[in-house]
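Analysis of the macromolecular model
Listed here are the chains, written in short residue letters.
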Amino acid sequence: MTGEILWVVCAALALAAGGLLAAYSLRTLRRLEHMLRQAQDGTWRAQTWQEKRLSRLENQLARVLSAGALSRRRLDDDRAHIQRLVSDVSHQVKTPLANILLYTDLLSEQPLPDKPRQLVQEIERQSQKLEFLTDALVKTSRLEGGLVQVRPKLQPVRPLLDGLAATWAPRAQQKGIRLECPSGGDFCAAFDAKWTVEAVGNLLDNAVKYTPPGEGACIRLTAQKFTMFCRITVSDTGPGLDESEKAHIFERFYRGEGTGDAPGVGLGLYLARQIATLQGGYLRVDGRKGQGTAVSVFLPRELDGEKKIQEIV
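Because the structure is predicted, anything quoted here is derived from the model rather than measured.

Positionally, R301 belongs in the loop between β7 (293–300) and α7 (305–312). A polar contact of 2.9 Å, which involves the side chain of R301, links it to the backbone oxygen of F226. Every residue in contact with R301, bar those within four places of it in the chain, is listed here: L154, F187, C188, A189, A190, K225, F226, T227, M228, F229 and C230.

Relative to the elements of secondary structure, Q291 occurs in the loop between β6 (282–287) and β7. When the C-alpha atoms of Q291 and L241 are compared, they prove to be 8.2 Å apart, with 50 residues separating the residues in sequence. Discounting residues that sit within four places of it in the chain, Q291 has contacts with G238 and P239.

Moving on, we get to the side chain of S296. By the secondary structure assignment, S296 is in strand β7. Its relative accessible area of 0% is what places S296 among the buried residues. At 2.8 Å, the side chain of S296 forms a polar contact with the side chain of T233. With residues near it in sequence (within four places) discarded, S296 still touches R231, I232, T233, Y282, L283 and R284.

Below, the discussion takes up helix α6 (residues 268–278). The element α6 is extensively covered by neighbouring structure, given that eight of its eleven residues are classed as buried. Of all the residues in α6, the buried ones are G268, L269, Y270, L271, A272, Q274, I275 and A276. Once α6 ends, the next one or two residues include G280, with phi positive near 85 degrees.

One pass over the full model with this rule turns up zero disulfides. For the unlinked cysteine C230, the closest cysteine sulfur is that of C188, found at 9.9 Å.

By the definition in use, this model includes seven salt bridges. Salt-bridge contacts for R158 lead to D162; the nearest nitrogen and oxygen are separated by 2.9 Å. A residue pair is termed a helical-turn pair when its members lie 3 or 4 positions apart in one helix, as R158 and D162 do in helix α4 (residues 158–174) at four residues. Overall, R158 belongs to the buried group, its relative accessible area being 16%.

Now for the packing of aromatic side chains. Throughout the structure, instances matching the rule amount to two aromatic pairs. Aromatic pair F229 and Y282: ring centres 5.5 Å apart, planes at 75 degrees, arrangement edge-to-face. Here the residue F229 occupies a position in strand β5 (residues 229–236), and Y282 occupies one in strand β6, the gap between them amounting to 53 residues. Taking relative accessible area as the criterion, F229 reaches 22% and is therefore assigned partly exposed. Plain terms: the ring middles of Y282 and F298 are 4.6 Å apart, the flat faces sit at 5 degrees to each other, and that makes the pair stacked. With Y282 in strand β6 and F298 in strand β7, this pair connects stretches of sequence that are 16 residues apart. Judged by relative accessible area, F298 falls into the buried class, the value being 6%. Of the aromatic side chains, those joined through ring pairs into one cluster are F229, Y282 and F298. Between R171 and the ring centre of W168, over which it is positioned, the NZ or CZ distance is 4.3 Å.

About the thresholds
Residues numbered from 1 in each chain as written. Predicted model: local features only at pLDDT ≥ 70, side-chain atom pairs only at ≥ 80, totals over all residues. Heavy atoms only, no water. Helix = DSSP H or I, 4+ residues; strand = E, 2+ residues; numbered from the N terminus. Polar contact = N/O pair within 3.5 Å; in protein donor to acceptor, adjacent residues only side chain to side chain. Contact = heavy atoms within 4.5 Å. Buried < 20%, exposed > 50% of the residue type's maximum accessible area, 1.4 Å probe, protein only. Disulfide = S-S within 2.5 Å. Salt bridge = Lys/Arg side-chain N within 4 Å of Asp/Glu carboxyl O. Phe/Tyr/Trp six-rings, centres within 6.5 Å; stacked < 30°, edge-to-face > 60°. Lys NZ or Arg CZ within 6 Å of the ring centre and 35° of its normal.

Everything listed here is a matter of geometry and, on its own, says nothing about what the molecule does.
See below:
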C-alpha cells in the first residue's frame, strides 16, 4: 500500500514538473517570438539582460538583435549622410552649370568659325549631360532614402498615355522616328501620376536615344489590362539586347553594348525600377539582338489595404 502511494506521489510530482517545464518553455517561446516580431518591425531596443532571468537562448538572441540594431542604426546614419552629401553637391553644382549653359548659348549666337563653334557645342552637350546626371542622382537618392513619398491612387491609365505621347512624339519625329500610341488603356490602375510619368518617360527617352532613324523606325506605347496588374510597354525597333545583358540592364550606371555614343549615364532604367517597386509593381525587359527592345512597367490594378485607407482619408 505504501509503495502504491509513493508511486502515485512520484507520478504527480513528475506531472507537475512536466507542467512547470512546459509552461516555462511556452513563456520562453512567447518571449522569443515577441522579440523577433519587434525586430521585424524595427521597434526592438536593447535592455539590461540578466542570465538568471533569461534563458541562454534568449540571451544569445538578445545579443544578436542588439548587434543587428546597432548595424542598422549605423547604416541609416551612413545613408542619411550620403543623401545630405548628394543634395549639397547638387545644390552647389546647379549654379555653375546654369552659368555654363547660359554662356554657351551666348557664344553660339556669335559669328564663330567652324572649329570654335564645334567646341562650344561640345561644351554645351557635356554640360547638359552633367545636369541630367545630377538631377538623376538626386531623384534616386531621395527615392531610396524615403525622402520623397510615392503615393499611388486609383486613376485611369489613358490620360497618362496621352500625356506621354504628346510630350515625346515631337522629340521622336525630330530624330526621324514614328511614335505610335494606339487605343487602349481605358481602365484604372493604382499609381502616382507624377512619378509614373518619370518612370515611363525614362523608357521613352531610352527608346528615342537608341533607335536608329529611318523609314521603319518606330516606337510603340501600349497598355494592357490583366487581373492583378496593368502593363505599360515601350517597344522600339532599336538594336535590341543580348541575352547576357538582361541580367544587368536595371543596374545603376549600366549601359548596354549597343548604346554606342548615344547620350546617357545608365540611370534611367534603374530609376524607373525604383519607382515601380515603390508602387507595388515591377519592370520586365524583352528583346533580342537586332530585333528591338520592349520594356514593360507592371502596376497594380488596386490599392492595398493600407493605401486604400490613406486614399479614403
